[in-house]
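Chain and residue survey
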Amino acid sequence: IRSSAGRSACGVCMSLVAAVSAPSIGLSSPGYRGSRTSDSRAVLPIRSKSTPRRRRQKSASAAMGKMTDDGPVVKDLVLIGGGHSHVYVLKMFGMNKLPGVRVTLVAKEVNTPYSGMLPGHIAGHYTWDECHVDLRPLCTFAGHRLIHDEAVSIDYESKRIILKNRPSIPYDAVSIDIGIPPAASQVAGAGDFTTPVKPIFGFGARWEALLDRVLTTKKQTRVVVVGGGAGGVELALAMQHRMLSELQKAGQPSDRAEFKLVTRGELMPTHPPATRATFRDIFAARGIELIEGDGVKTVSKATVELASGREIPADECIWCTQAAPQPWLAESGLDVDGGFVRVAPTLQSTNAPGVFAAGDCASVVGHPRPKAGVFAVRQGPPLADNLRRYLLGEALVDFTPQKTFLGLISTGSKHAIASWGSLSLGGATSTGAMLWAWKDRIDKKWMKMYQEMPEMPAPEPDVAEVALAAGPATIAALRAVPMRCGGCGAKVGASVLSRVMARLDIPTNPAVDVGLDQPDDAAVITVPPGKVAVHTVDFFRSFVDDPYIFGQVAVVHALGDCWAMGAEPHAALAIAQVPYGLEPQVEETLYQMMAGATKVLKEVGCALAGGHSCEGTELALGFAVHGVAERKKLMKKGGMKPGQALILTKPIGTGTLFAADMRAKAEGRWVSAALDSMRQPSAVGAEILVKHGATSCTDVTGFGLLGHLVEMCKGSNLAAVLDLDALPILDGAEECLKLGITSSLQPANVRLSRAVANQDEVSGNPRYPLIYDPQTAGGLLAAVDKDKVDTCIRDLREAGYHATCRIGETYSNRPAVATAPEQVVYVQDSNHQFSGEGSERATAVS
């Protein structure tokens, strides 16, 4: 029996089902029975001899739990969506790698819900994390790329995936598993006045808001659930159970919320009469009015009008009806069946070779099945195998899904009903409680497969005995000797570079006299009269597997020094390094990285005036930046004055977060929020600081918050108080610290603890390590007069720097508790308040 999240006939994934294949029942095998090959050859086994498990070489990343393949990329496998089939493919391609294949997941959301547990989540039995698969740690473990964006089309003739917010990406094989939303467009007003169950992210937020409203007001809330399949039934019962439980906890009357369920046909039409009868009894006992055989005609702001003419008052209308496909599937030119991708029993598109589809968005020729999650789960193994076969040029294997399955449908409380064929049992009885406990065990077992990654063995590499005897350092050195040229022989080829530049939207600036628009040996830039030139440079290797995102972060980081001085960046010279590989892969990687970079450069008005590119062992990018500023408006580190307030414009914590991400220990939503912060340019923030008279500023980067604050103190001959409780901190940073994970640069930064006057008393604060945390593309740390600080913070927040906070204050003298000249910073929290200045002036001490 294989557990999966099922769907009702309406296609909204809710009820848990256990697949039962007749006549044999597979208890735990991840494989499947292939019926025949796509070209009618002899039956093939699930794993051919040509695809053995590859021995994985131990590397630094493997030691941290990440599976990697360091060879050149030959083919790209792209998975669109993080559905039930794809999470299996992701894990299997990580545990059994195919050398030369780069796997990329394109996901609109980095947390994919497990539909079998969603009713339990709504009912309050599971937390949000317990019923979601975090795709980022899964991809990190497997060594796959994750692109956090939405696919909007496939150009299967040129073999590219069209993305919503960034350039398209190429593929050699692509699989689609994106799920389907409820169909609301056929009913007038449904699109404007209902809350669709899918996507679950939007529904979850709306449900929590509804729950809060019911608990905080005395007005009765009327909820109408539209959809009589298993999904609508489970949802209505789960919502009512949670609502009544919360009202009881709050000591409020249970009649504060009223529920109705509306269906145009009979209740749960694909289930046996006994199942329908049991649920009708449960609805009656729970006081939920059931309206069958009367579909919805129109929906308005406060009313649901039925086909019979009856009008039902509704403060909330939850839409849980027949599912609809994503429109772009048909618009891409793929063969479709009612809008769903038409695939052969091999799960490959019937008209687009190399395009596969699984789960609810697919329609298998010759095997029509309900839109139930059990089929998506069972398609995972054959999909993984056929993707592997396609990439290897082998014959594909047909897959025949089972025709019957057992549905375990929850009742809101911790009870369930088993529905299989004409059989039904359970309900609000002891049997129903045992069935729910069984369902709970199956669900948690499935989630555990994707929440807890196995420790993979790392055999010793096949190297000479002499090298083994010489020790790990020699072995590591041998691995790093590819037959690649150095010097200018390592440059990216001219034809590749020309094609990349032709595809980019190159940003320009009038101050650049000679740039990429008229290439020469060097850029020529005019400094406007009355201004001074500001020059800076930055370069680092990639810490994310998405070159487009990395390009954006690298630009923001490099330009940060210019903005911190109040300068306007006019031109940047790029230094780009891309990993060795085949020419098409090198070109695409370079293009994606520079496309991300040029997008930010264009937004801030900075020209890309030239640069240099080369091949290397890993992706890296840097910029030499030229900017200009009015001399009198320059914000220098040494410009602080006594009695000023210290402002920080971005949250900190990137160091520990991405150290955890390397180990597959950081949650996807934490990393996504951190990347959003890191990609935010500080250009407008710097303008606001100049407008409000900031006299000193720096960007918080590798030396951490304390390191950069100490630089300002030394340059200004002042001391400062830093308030730990006021620090803006990225979500997840403190959790990563609790795991004992810090950046590799943290120990070097901690050496500056000698500058903290009260280190012994405050070092126990769990936030304290974050002041040493190295930042990438961090915010601006500035000194502003106290009479202007509130207005300045308000303007910064309104401009999009929502985390901006006042985090400290400057003083003329060292803290009273200081015992050494270098102790120029007092770190306070709620338990350790600043005790005042001493009599010794703060002076610059190395």
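Residues numbered from 1 in each chain as written. Predicted model: local features only at pLDDT ≥ 70, side-chain atom pairs only at ≥ 80, totals over all residues. Heavy atoms only, no water.

A look at the overall build of the protein
- The helix and strand tally for the protein stands at 24 helices and 42 strands.
- Taking all 846 residues of the protein together, 56% fall into the buried category.
- At a minimum sequence separation of 6, the contacts of the protein that also span at least 24 residues come to 76%.
- When the accessible surface of the protein is totalled, it reaches about 34500 Å², and 53% of it is carbon and sulfur. (Helix = DSSP H or I, 4+ residues; strand = E, 2+ residues; numbered from the N terminus. Buried < 20%, exposed > 50% of the residue type's maximum accessible area, 1.4 Å probe, protein only. Contact = heavy atoms within 4.5 Å. Areas by Shrake-Rupley, 256 points an atom, 1.4 Å probe, with all protein chains shown as cover.)

A few points about the sheet that holds strand β4 (residues 75–80)
- Strand order in the open sheet formed by five strands is β8-β5-β4-β12-β23, with parallel pairing between adjacent strands. At either end of the open sheet lies a strand with only one pairing partner, and these are β8 (145–148) and β23 (355–357). Each strand of the sheet is rotated relative to its neighbour by a mean of 20 degrees, with strand direction disregarded.
- Across four bridges, the pairing between β4 and strand β12 (residues 173–176) is parallel. Paired with Leu-79 across the strands is Ser-175, a residue of β12. (Pairing = 2+ DSSP bridges. Axes fitted to C-alpha atoms, helices over the stretch in contact; angles between N-to-C directions.)

Section: the side chain of Thr-194
- Its location among the elements puts Thr-194 in the loop between α5 (190–193) and β13 (195–196).
- Judged by relative accessible area, Thr-194 falls into the buried class, the value being 10%.
- Within polar-contact distance, the side chain of Thr-194 engages the backbone oxygen of Ala-190 at 2.4 Å.
- Other than its neighbours up to four places away in sequence, Thr-194 contacts Gly-189, Val-299, Cys-317 and Trp-319. (Polar contact = N/O pair within 3.5 Å; in protein donor to acceptor, adjacent residues only side chain to side chain.)

Let's talk about the nonpolar core
- In this structure, Phe-623 and Leu-689 are the most contacted members of the largest nonpolar core, which totals 110 residues.
- In terms of residue count, helix α15 (residues 547–564) provides more of this core than any other element does, twelve residues in total.
- When neighbours within four sequence positions are excluded, Leu-689 is seen to be in contact with Met-635, Ala-694, Cys-697, Leu-780, Ala-782, Val-784, Cys-792 and Leu-796.
- Grouped together as the second largest cluster of nonpolar side chains are 103 residues, Leu-135, Phe-259, Phe-283 and Leu-387 included. (Core = buried A, V, L, I, M, F, W, Y, C linked by side-chain atoms within 4.5 Å.)

A few points about the sheet that holds strand β39 (residues 805–811)
- The strand order β36-β38-β35-β39-β37-β41 describes an open sheet built from six strands, whose pairing is mixed. The two strands at the open ends of the sheet, each matched to only one other strand, are β36 (696–699) and β41 (825–828). The sheet shows a mean angle of 20 degrees between the axes of neighbouring strands, direction not considered.
- Both β36 and strand β38 (residues 780–784) contribute to a ladder of four bridges, which runs antiparallel. Residue pairing across strands places Asp-699 opposite Leu-780, the latter belonging to β38.
- Here α15 sits on the sheet and contacts β36 and β38; the angle it forms with β36, its principal contact strand, is near 175 degrees.

Observations regarding the packing of helix α14 (residues 494–503) against helix α16 (residues 583–603)
- The geometry of α14 relative to α16 is characterised by a closest axis approach of 9 Å and an angle of 35 degrees between their N-to-C directions. Of the two possible hands of crossing, α14 and α16 adopt the one that is right-handed. For the pair formed by α14 and α16, the contact residues are Ser-495, Val-496, Leu-497, Arg-499, Val-500 and Arg-503 on the first element and Glu-583, Val-586, Glu-587, Glu-588, Leu-590 and Tyr-591 on the second.
- Taken together, the residues of the contact of α14 with α16 sort by class into six nonpolar, one polar and five charged. (Left-handed = near helix turned anticlockwise from the far one by under 90°. Nonpolar A, V, L, I, M, F, W, Y, C, P; charged D, E, K, R; others polar.)

Some remarks on unusual backbone geometry
- At Met-268, a position not held by glycine, the phi torsion is positive, near 45 degrees.
- Mapped onto the secondary structure, Met-268 falls in the loop between β15 (257–262) and α8 (273–286).
- On the accessibility criterion, Met-268 (1% relative accessible area) is buried.
- Positive phi, close to 55 degrees, is recorded for Asn-717, a residue that is not glycine.
- When you line up the elements, Asn-717 lands in the loop between α20 (704–716) and β37 (719–723).

A closer look at the environment of Val-225
- Relative to the helices and strands, Val-225 resides in strand β14 (residues 221–226).
- Taking the relative accessible area as the measure of exposure, Val-225 reaches 0% and is therefore buried.
- Beyond its immediate sequence surroundings of up to four residues, Val-225 is in contact with Gly-232, Ala-236, Lys-260, Leu-261, Val-262 and Ile-318.

Some words on the pattern of salt bridges
- Applying the stated rule across the entire model yields 35 salt bridges.
- One salt bridge connects Glu-394 with Arg-389, and the closest N-O pair in it is separated by 3.3 Å.
- In this structure, the salt-bridge partner of Glu-667 is Arg-669, at a minimum N-O distance of 2.9 Å.
- By relative accessible area, which is 19% here, Glu-667 ends up buried.
- Given a relative accessible area of 32%, Arg-669 falls into the partly exposed group.
- Taken together, the shared-partner salt bridges in this structure form one network comprising Arg-160, Arg-499, Arg-503, Glu-583, Glu-587 and Glu-588. (Salt bridge = Lys/Arg side-chain N within 4 Å of Asp/Glu carboxyl O.)

Some words on the pairing of strand β9 (residues 151–155)
- Judged from the four bridges that link them, β9 and strand β10 (residues 160–163) form a sheet pairing that is antiparallel. What sits directly across from Ala-151, in β10, is Leu-163.
- Counted along the chain from β9 to the antiparallel partner β10, the turn is four residues long, and its residue Lys-159 has a positive phi close to 60 degrees.

Remarks on the packing of aromatic side chains
- For the structure on display, the rule yields eleven aromatic pairs.
- The interplanar angle of 15 degrees and the centroid separation of 4.3 Å between the aromatic rings of Tyr-114 and Trp-446 together place this pair among those described as stacked. Of the two residues, Tyr-114 is situated in the loop between β6 (111–113) and α3 (118–123) and Trp-446 in helix α11 (residues 430–451); the sequence distance between them amounts to 332 residues.
- Residue Trp-446 is classed as buried on the basis of its relative accessible area of 4%. (Phe/Tyr/Trp six-rings, centres within 6.5 Å; stacked < 30°, edge-to-face > 60°.)

Observations concerning helix α18 (residues 668–678)
- A large share of α18 lies buried, amounting to eight of its eleven residues.
- What α18 keeps buried is the set Gly-668, Trp-670, Val-671, Ser-672, Ala-674, Leu-675, Ser-677 and Met-678.

So, the confidence of the model for the protein
- Of all residues in the protein, 86% attain a pLDDT of 70 or more, and the chain-wide mean is 86.
- Mean pLDDT across the elements of the protein bottoms out in strand β1 (residues 2–7) (33) and peaks in strand β35 (residues 645–648) (98).
- Low confidence marks residues 1–69, where pLDDT is under 50. Its contacts with residues over four positions away, or in another chain, come to 220 contacts. (pLDDT = per-residue confidence, 0-100.)

A look at the pairing of strand β5 (residues 101–107)
- Among the seven residues that make up β5, seven are buried, leaving the element largely enclosed by the rest of the structure.
- Of the strand pairs in this sheet, β4 and β5 are connected by six bridges, and their pairing is parallel. Paired with Ile-80 across the two strands is Val-106, which belongs to β5.
- For the segment spanning β4, helix α2 (residues 84–95) and β5, crossover handedness is right-handed.
- Here β5 pairs with β8 via four bridges, running parallel. Along β8, the bridge assignment pairs Ala-107 with His-148. (Right-handed = clockwise from strand over helix to strand, strands pointing away.)

A look at the environment of Gly-622
- Within the secondary structure, Gly-622 sits in strand β34 (residues 620–630).
- Ignoring any residue separated from it by four or fewer positions in sequence, one finds Gly-622 in contact with Asp-538, Phe-539, Leu-573, Ala-574 and Ile-575.

Digging into α15
- When the terminal C-alpha atoms of α15 are compared, their 26 Å separation across 18 residues agrees well with the 26 Å that a helix rising 1.5 Å per residue should span.
- At Ala-558, α15 shows its largest bend, some 30 degrees.
- With 17 of its 18 residues buried, α15 lies for the most part within the structure.
- Looking at where α15 begins, the residue whose side-chain oxygen comes 3.1 Å from the main-chain nitrogen of Tyr-548 is Asp-546.
- Within two residues after α15, Gly-566 carries a phi angle of roughly 80 degrees, on the positive side. (Expected span 1.5 Å × (residues − 1). Bend = angle between axes of the 7 residues up to and from the residue.)

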